[in-house]
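Summary of structural features
So the chains spell out like this:
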Amino acid sequence: MSKFNLRTLLLLGLALVAGYSLWQVYNSSGPVMSASVSSNGAFAITAHKDQKLILWDLKGHRRTIISRNANIYSAYFIKHQPTFLWQDLDNTVTAQSVNGEVQTVFELDKPTYGHLMTQDLSTYYYSGMGWGIFRRMKDGLTETLKATDRRAFLGYHKLFNLSMDESEQWLVSAGSGEPKRFVPPYYRSLQEVLDQDADYQHLYSVALWNLETGQPTAKLDGNSSKTHATISPDGQWVVSSDEAGIGLYWNSDAPEKRHRLARFYGGVFQDNLPEGLPDNDYYDQSKLIDAPPGLNDFTIAVAFIHNSEYYLRFGNNSHFAALFKTGSPWPVKYFDLGESPRLVTYGSNYDRNTAIATSPEAGILAMGHQSTGGISVYQFDPEKLTLERVWVVE
């Protein structure tokens, strides 16, 4: 074979390799930054660090790239609708069906750092970099529920998480817990927060909002650091956990009464005991179950997995999740989510805690990975109390 032919073959081989590498880059994706699962558990939508928006067919095990120009925090499925919500880098928000039909389009004046929409597509709630809460009506009128402080996300390196119940009457927000004072009253009241700045600008801790009035009805104190919280689909329970390992829950009918979740190895802390007792006396361990090694109280997210009955608590830097039943402080079971591929729960990714998503109706959990663009999908069985990994895309 002549030198000319060898050179030609070499150049052709290099071109094929380069073309394949470009094809891989074009079709692969960065890590998941936000995710949402359809109510029926058939689909998931994810937004990625490289601005791709991907629709996942969880039954057919297929994926479709919807956009390469998506806001990384804008993947959201509208409840009980085959419709997902997303925003592009020009701040245009689109609600479109899984079949590609565009339902509504409108523009914002800023990028969203998390958003929700009612089932009839008439009312849109969103947060921004400054942890504000805004409500946009169908006619385009927008009102401020909570004022922005402009740069809270950069300061805390965490999303301001929003959660809405299925009746669309209640909203829960969570950013970071308010430090406890040394003497009573230990926490500021809602009125004190409002007096400090207009429109509850510094209401960072867990709060329960009445969407009919557009006002917070309860400030749910007790967490002390970066906090994730959610509300049950039926609106009866608010659950929170934080970076310090504090887990709490409230019944929305009596939000003034706070309940503590058990620490996995220590038990339930008992409030109002006198000082000076041995450390173990402050914890009730009567109903603790054996906890596996590698489990962390430090929590990155909580999510309901079976209607309003069961929810999961995800430890930071851990591949375990704890199952809880509403109304009880005790973990019911621990699930090993798998060591490989490493999940988004590793690396203190509080700015990616929306990369963990569930459908409580279908019992589906979908999670991003720490450093690759795939997802892991799990199915919960409420009868057997099992959580099985059913699909992994690395």
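Just so it is clear, the structure is predicted and the values come from calculations on it, not from any experiment. (Residues numbered from 1 in each chain as written. Predicted model: local features only at pLDDT ≥ 70, side-chain atom pairs only at ≥ 80, totals over all residues. Heavy atoms only, no water.)

Details of the packing of aromatic side chains
For the coordinates displayed, the defined rule picks out 22 aromatic pairs. Ring centres of tyrosine 73 and phenylalanine 153 lie 5.9 Å apart, and the angle between their planes is 65°; on these two criteria the pair is classed as edge-to-face. Here tyrosine 73 is found in the loop between strand E4 (62-67) and strand E5 (76-77), whereas its partner phenylalanine 153 is found in helix H2 (residues 152-156), with 80 residues between them in sequence. Exposure remark for tyrosine 73: the relative accessible area of 8% places this residue in the buried category. Ring centres of phenylalanine 264 and tyrosine 334 lie 5.5 Å apart, and the angle between their planes is 85°; this geometry places the pair in the edge-to-face category. Here tyrosine 334 lies in strand E26 (residues 331-336) and phenylalanine 264 lies in the loop between strand E20 (259-260) and strand E21 (268-269), a separation of 70 residues in the sequence. Accessibility expressed as a relative area gives 3% for phenylalanine 264, which makes it buried. Above the ring of phenylalanine 134, the side-chain terminus of lysine 110 is found at 4.6 Å from the ring centroid. Here lysine 180 stacks its cationic end above the ring of tyrosine 186, 4.5 Å away from the centre of that ring. (Phe/Tyr/Trp six-rings, centres within 6.5 Å; stacked < 30°, edge-to-face > 60°. Helix = DSSP H or I, 4+ residues; strand = E, 2+ residues; numbered from the N terminus. Buried < 20%, exposed > 50% of the residue type's maximum accessible area, 1.4 Å probe, protein only. Lys NZ or Arg CZ within 6 Å of the ring centre and 35° of its normal.)

Overview of the sheet that holds strand E14 (residues 170-174)
Across the sheet, which stays open at both edges, the 4 strands sit in the order E13-E14-E15-E16 with antiparallel pairing between neighbours. Looking at which strands have only one partner, the edges of the open sheet turn out to be strand E13 (161-164) and strand E16 (215-220). Mean inter-strand twist for the sheet, computed between neighbouring axes without regard to direction, equals 25°. Bridge analysis of E13 against E14 gives 4 bridges, and the strand direction is antiparallel. In the strand pairing of E14, methionine 164 is matched with leucine 171. (Pairing = 2+ DSSP bridges. Axes fitted to C-alpha atoms, helices over the stretch in contact; angles between N-to-C directions.)

Purely spatial values, then, with no claim about function.
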